[in-house]
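Architecture and fold: a report
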Amino acid sequence: MYRVAARPAPPFVLALRRLPQPRLTSLGGGLFAAAVMFLLGCLDWLIFDGSPAVYGVLFLPVSAVTALWVRPADLVSAPVSVPIAFAFGIVPIADGTGGIGGQAMAVVTALALHAGWLYGGTLVAGVIASVRKVRLMGRRRARPTAPRR
């Protein structure tokens, strides 16, 4: 019988394996994403004068990292928490005037105008969470079970 030698992993995969592997709960993943997006929204407002394109581009990796770092039991929460984080972080760059009502209308308008970024980040988180769940189910199925007595 021939035995196939294991192929070495590509450098990209090796680099990803060296990254930290925190396991956030649902609440932790949501708070992480919201805090990072608010910080990025503030930095975007300071550096790029509130550019929605910069904010949207920065939202995509935050969505991916949130979906990668949430623990396996809470995978469903990643695609739910990232749109909330997007809305929370867009507050600094939504140019609202006229008090709380004007700011709220500016946030709603910004969410409507930049829904593509919102959908894209949610899709990224959903695909990553789905792939992780399928791989987890495959590992469970492949694991041998002891016979019951």
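Presented here is an overview of the structure given in this document. (Residues numbered from 1 in each chain as written. Predicted model: local features only at pLDDT ≥ 70, side-chain atom pairs only at ≥ 80, totals over all residues. Heavy atoms only, no water.)

1. A closer look at the overall build of the protein
Cut-off, in case you're wondering: Working definition: helices are DSSP H or I runs of at least four residues, strands are E runs of at least two. Numbering for both runs from the N terminus. Only the C-alpha atoms count toward the radius of gyration. The rule for a globule is 2.2 Å times the residue count to the power 0.38.
Each helix and strand counted, the protein has six helices and zero strands in total. Starting at the N terminus and ending at the C terminus, the protein contains elements arranged as α-α-α-α-α-α. Computed over its C-alpha atoms, the radius of gyration of the protein comes to 20 Å, more than 25% above the 15 Å expected for a compact globule of 149 residues. With respect to the principal axes defined by its C-alpha atoms, the protein has extents near 75 × 40 × 25 Å.

2. A few points about the pattern of salt bridges
This is how it is decided: Salt bridges, as used here, are contacts in which a Lys or Arg side-chain nitrogen is within 4 Å of a carboxyl oxygen on Asp or Glu. Burial classification: accessible surface area is computed with a 1.4 Å probe over protein chains only, and a residue below 20% of its type maximum counts as buried, one above 50% as exposed, and the rest as partly exposed.
Here the structure, examined in full by the defined rule, presents one salt bridge. Residue D74 is joined to R71 by a salt bridge in which the shortest nitrogen-to-oxygen separation is 2.6 Å. In this structure R71 comes out as partly exposed when scored by relative accessible area, which is 35%.

3. Concerning the side chain of S51
Heads up, the condition is: Contacts between residues were defined by any pair of non-hydrogen atoms, one from each residue, lying within 4.5 Å.
Position of S51 among the secondary structure elements: in the loop between α2 (26-47) and α3 (52-69). In this structure S51 touches D44 and I93, once residues within four positions along its chain are discounted.

4. Notes on α3
Operational definition: Between the first and last residue of a helix there are one fewer steps than residues, each counted as 1.5 Å, and that sum is the expected span.
For α3, built from 18 residues, the straight-helix expectation of 26 Å at 1.5 Å per residue is met to within 8% by its first-to-last C-alpha distance of 26 Å. If you check which residues of α3 are buried, you get Y55, G56, F59, V62, S63, A64, T66 and A67.

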